[in-house]
Structure formats: structure tokens, C-alpha cells
Amino acid sequence: MSTINRKDGYSVVKTRSRTWMVAALAAVLAAGCGGSGGGSGDADADADAVTTIRVPSWWFGEPGNRDWLNAAIEAFEAENSDVKVEGYELAFGDYTDQVLTEVSAGDPPDVLHLTLTNIGDFRRIGALAPLDEYLAESDIDEQTYVPAQWEEPLTVDGTTYGVIQMIANYTPFYNVDMLAEKGYDEFPADPESFYAMVEDIADPPEQYGYAAMLRPGSAQQTYLDIAQWVIANGGRLARDGEVTIDAPENVEALEDLRALYEGGGMPLDVDKSTYRQMWWEGKIGVIFDGSWMMGFAEDNNPDIVDRLDTAYLPWPGQATASTYQLWAVSEASPNKEEAFRFIAFLQSQEWQKEMIETTRAVSPRTDAMPEGFLDENPWFEIFDEAAREFSVPIMPPELLDHGNEVIRIVTGAFEAALYRGTPVADALATAQAEVEAVVGD
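Parameters and conventions
- Residues numbered from 1 in each chain as written.
- Predicted model: local features only at pLDDT ≥ 70, side-chain atom pairs only at ≥ 80, totals over all residues.
- Heavy atoms only, no water.
- Core = buried A, V, L, I, M, F, W, Y, C linked by side-chain atoms within 4.5 Å.
- Buried < 20%, exposed > 50% of the residue type's maximum accessible area, 1.4 Å probe, protein only.
- Contact = heavy atoms within 4.5 Å.
- Salt bridge = Lys/Arg side-chain N within 4 Å of Asp/Glu carboxyl O.
- Helix = DSSP H or I, 4+ residues; strand = E, 2+ residues; numbered from the N terminus.
- Phe/Tyr/Trp six-rings, centres within 6.5 Å; stacked < 30°, edge-to-face > 60°.
- Patch = residues over 30% accessible without salt bridge, like charges linked within 9 Å, V, L, I, M, F, W, Y side chains within 5 Å.
- Areas by Shrake-Rupley, 256 points an atom, 1.4 Å probe, with all protein chains shown as cover.
- Lys, Arg positive; Asp, Glu negative; His and termini not counted.
- Charge placed at Lys NZ, Arg CZ, Asp CG, Glu CD.
- Expected span 1.5 Å × (residues − 1).
- Arc of directions from axis to C-beta.
- Axes fitted to C-alpha atoms, helices over the stretch in contact; angles between N-to-C directions.
- Parallel < 35°, antiparallel > 145°, perpendicular 65-115°, else oblique.
- Nonpolar A, V, L, I, M, F, W, Y, C, P; charged D, E, K, R; others polar.

Q: Could you give me a rundown of the nonpolar core, with the residues and numbers involved?
A: Among the nonpolar cores identified, the biggest contains 142 residues, and Phe194, Tyr210 and Trp229 are the most heavily contacted of them. Non-local contacts of Phe194, meaning those with residues more than four positions away in its chain, are made with Phe187, Pro188, Tyr210, Trp229, Leu260, Val286, Phe288 and Pro314.

Q: Which residues make up the pattern of salt bridges, and what are the values?
A: One pass over the full model with this rule turns up 16 salt bridges. In this structure, Asp97 and Arg408 form a salt bridge, with 2.5 Å as the shortest nitrogen-oxygen distance. One end of the pair, Asp97, is in helix α4 (residues 92–104); the other, Arg408, is in helix α17 (residues 403–419), with 311 residues separating them in the sequence. For Arg408, a relative accessible area of 38% corresponds to the partly exposed category. Among the salt bridges present, the one from Arg341 reaches Glu337, with a minimum N-O distance of 2.9 Å. Pair noted here: Arg341 and Glu337 are both in helix α13 (residues 336–346), with a separation of 4 residues, about one helical turn. For Arg341, a relative accessible area of 22% gives the class partly exposed. Each of Arg54, Glu102 and Asp107 takes part in salt bridges that share partners, so that together they form one network.

Q: I'd like a description of the packing of aromatic side chains, backed by residues and values.
A: For the structure shown, the criterion picks out 30 aromatic pairs. Taking 5.3 Å as the distance between ring centres and 55 degrees as the angle between the ring planes, the aromatic pair formed by Phe173 and Trp279 counts as tilted. With Phe173 in strand β7 (residues 171–175) and Trp279 in helix α11 (residues 272–280), this residue pair connects regions lying 106 residues apart in the sequence. Ring geometry for Tyr210 versus Phe288: centroids 4.9 Å apart, planes at 55 degrees, classification tilted. Of this pair, Tyr210 sits in strand β8 (residues 208–211) while Phe288 is found in strand β11 (residues 284–289), placing the two residues 78 residues apart along the sequence. Each member of the pair, Tyr210 as well as Phe288, carries the same accessibility label: buried.

Q: Can you break down a negative patch on the surface residue by residue, with the values?
A: A contiguous patch of negative charge, built from Glu79, Glu350, Glu354, Glu357, Asp375, Glu376 and Glu381, is present on the exposed surface. Broken down by element, the negative patch gets its largest block of residues, 3 residues, from helix α14 (residues 349–359). Using a relative accessible area of 36% as the deciding quantity, one classes Glu354 as partly exposed.

Q: Can you break down α4 residue by residue, with the values?
A: Under the 1.5 Å per step criterion, the end-to-end length of α4 is 19 Å for 13 residues, consistent within 8% with the ideal 18 Å. For α4, the complete set of buried residues consists of Phe92, Tyr95, Thr96, Val99, Leu100, Glu102 and Val103. Taken around the axis of α4, the buried residues stretch over an arc of 160 degrees, which confines them to a single face. α4 presents Thr101 and Ser104 as exposed residues on the side facing more than 90 degrees away from its buried surface. With its phi angle positive at about 80 degrees, Gly106 sits one or two positions after the end of α4.

Q: Kindly report on the packing of helix α9 (residues 219–232) against α17, identifying the contributing residues and their values.
A: Across the interface, α9 lies against α17 with an axial gap of 9 Å and an inter-helix angle of 70 degrees. Classified by the angle between their axes, α9 and α17 sit roughly perpendicular to one another. Residues Ala219, Gln220, Thr222, Tyr223 and Ile226 of α9 touch α17, and the partners they reach there are Asn404, Ile407, Arg408, Val410, Thr411, Phe414 and Glu415. Residue composition of the contact of α9 with α17, grouped by class: 6 nonpolar, 4 polar and 2 charged.

Have a look at this one:
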């Protein structure tokens, strides 16, 4: 049971149990006032006119992100008195399985917060409503949005099933002072120098050179981090219609990551929330993460912000793992118009500018960059450039329809290599066969 509060103290997130109690109390009061005349009937009619839409998101639990989302909900409800937004936190690592369970039970949320890696799973089972009739009445079009909005997996055979919320490119965020203390005036430009720097900075358990989500328990988060290494090293999990999980480039990348982990340069057995906090506390030199991390740092430790900077990935070509988060509407929702109205509000030029300012996330809108923002935040330029020049989808198109299962298989293979001593080549060969079977089905 979770309630998120605005900074002004007013709750904008209502749990289902709280909503049920409010509804029950309203029913009791209505029954008790049944003989009081037309005034009660008018009140009942007004109450019936308000539609509640359910919106689960991990953003409600993240600093900076929740501030933007809460403020947007408040503004939306002020402009749309006939709609109430029941937003609630659902952790990123649990989101796909939890919502797929609700879909199977016939009780999905109205608005879904999905990603490039899982939209295919939802679309494949018919869980997503087509949005074309609503998009036609909005300002979300080819002039205002990035091309990916009109490509697979969002738009399939001319039908669109989601709206990109934000773009994520994973590039190095590093602590300038921690590198300088070890004699690194610039961020390393090749993998070997990067590995050496990580080991030089590390002084466990007080501080570490690099961190990634390698703790078992969240396949979604671990996949994002290991896929970054595969892509940066020139590897892909599929190419030209063929599964390539056990390709030599992939094996090399994950062998290097395992060596870094086993060499003591990385904290062991920590989850993503913990090592992100260690980073903004000045205990980790480098993470590969999204632009929103500057917002996290500003919210939690503003004193460190001037010591943080970004860099290109230290591999030839600077290939950058890219994904996006998106909004979709449940096919089973009885409130599709209201749900899309809320999505269109969040993705409006005004609120996308607010998103950039508040969260430091990259917007899919081409007209949303706030004036002067890049001058004031030069570190953001690398994310902006990566989105345009170096981005590679974190899940290849050949695997998108089975993204959730692919993530489990690939993550499980690397965990076997990391924790059970399985050679990386053998673990990926097993994963290759398993994914081929899934895709073949």
C-alpha cells in the first residue's frame, strides 16, 4: 500500500484499498440521504461523472521523476475535472510480470508504462489498444516526434500501440575529482585504459571504480547493464534476422565485465538503487546510466553536482545502448479516451519541457528543448548527441516480440557465468539455443 505525496503535502497517489474505502463511504452516505430531495441526486450525478484511471509507474518512487509526474497529475486534474488519476508506484524490476498478471486476470491498469524491451510481449497477446484515432486528434505527429515513434515495435502494419515518453541512452557519468585524485585528467578513450582506471580508483569497501546491476533478482535491470557492454563492444544479440547471442564480440564483452567484477573494482551484491546512491554520495567513480541521474544527484546531494561530468563510451565507435519508455492504453480499459487524454497531456510540449528541466530526461519531442538548457547543462550534450549519432536499440528488432523471455534467458546465462563458474562462451551458447527455441515458437 503506497501513497506518494506532493511537495505541498496533498496526496496525488491513491491506493486501490483507499479508493475502495472512499467509494464505500460515499455509498453509505448516499443511502442515508436518499430522502433528502433533488440536491442529493445532483451530487450523485456529479460523482458519477468523474472517471478514475489507474496509472502504475516506477517513476513514483524515483527522485526528480516523481516530482514531474506528480506536478503533471495535479495540472491535468485541474484542467480535466471529469478525470481523476490513481497513480501508484510499481518497481521497474517487477513491472512487466505484475502487469502481465493483471492483464491475464482481466483487471489491467488503464495506462501502462512500458519500454522498448517489453511492448512486444503486451502487443503479442492483444493487451494494447490501437491509438491511431486518438493520435489523429493530438499534436503528436511526424513533425513533433522522433522517427522511432512511427517504427516497430510502436507502430506495426500501420497501427500505433504506444507513445514514447522519454529516450534513454546509457553513457558514462563520472566523478571528476575521484578520477583526478588518481591522475586521470580526462576520461579514458579505450577499454584497457578504462579497466585500469576502475582498478586504480577502487579502494573497497570505501569506494569503487565502477558499478553495474549484477546482483541476482532483477532480470530487467541486469539485462540493461550487460547489454550496454555487448553493444559498446560491437556485439548484438541478433543481426539480419538471426539470433547471435553467442557471437565472439558478445563473449568478449561479458568476459571483460566478469573480470572487472571479480577483480574488486566493482561493489559486490548491491542492487541498482544502492549503487546509484553510492555514486551520488561520491563512493563510485563511474556508472553507465541515463541522463536522469543528474536529476537524482541534484535531488539527493546537490553539493556533488559540480563534480559530475559525462563522457563517450571508451570503445571504438561509441555505440550506445538505447531504449525508451512509453505510455500505452490497455485494450481492456473502459476509459480509453480519458487514458489517452492523460498521455497526450504528459507528452505535450509544455510538459515535456518541464520533464527535461525537472528530470533531465531526453524527450522524444523535437520541439521540447528548453531555451538555454544546453548552455546551462553542457554535460547533457553527449546524451543528445548519442541519441542522434550512436544509439543502438538495447533489444534487437528480431527479438522484440519475446523481449521478456529473452531478458530472462540472457540474464540467467550471465549469472551462471558470474556466480556458478560457467565459462561465458558456454553460458551464451546455452542461451543461444534457448532463445532460438523461443523465437522459433
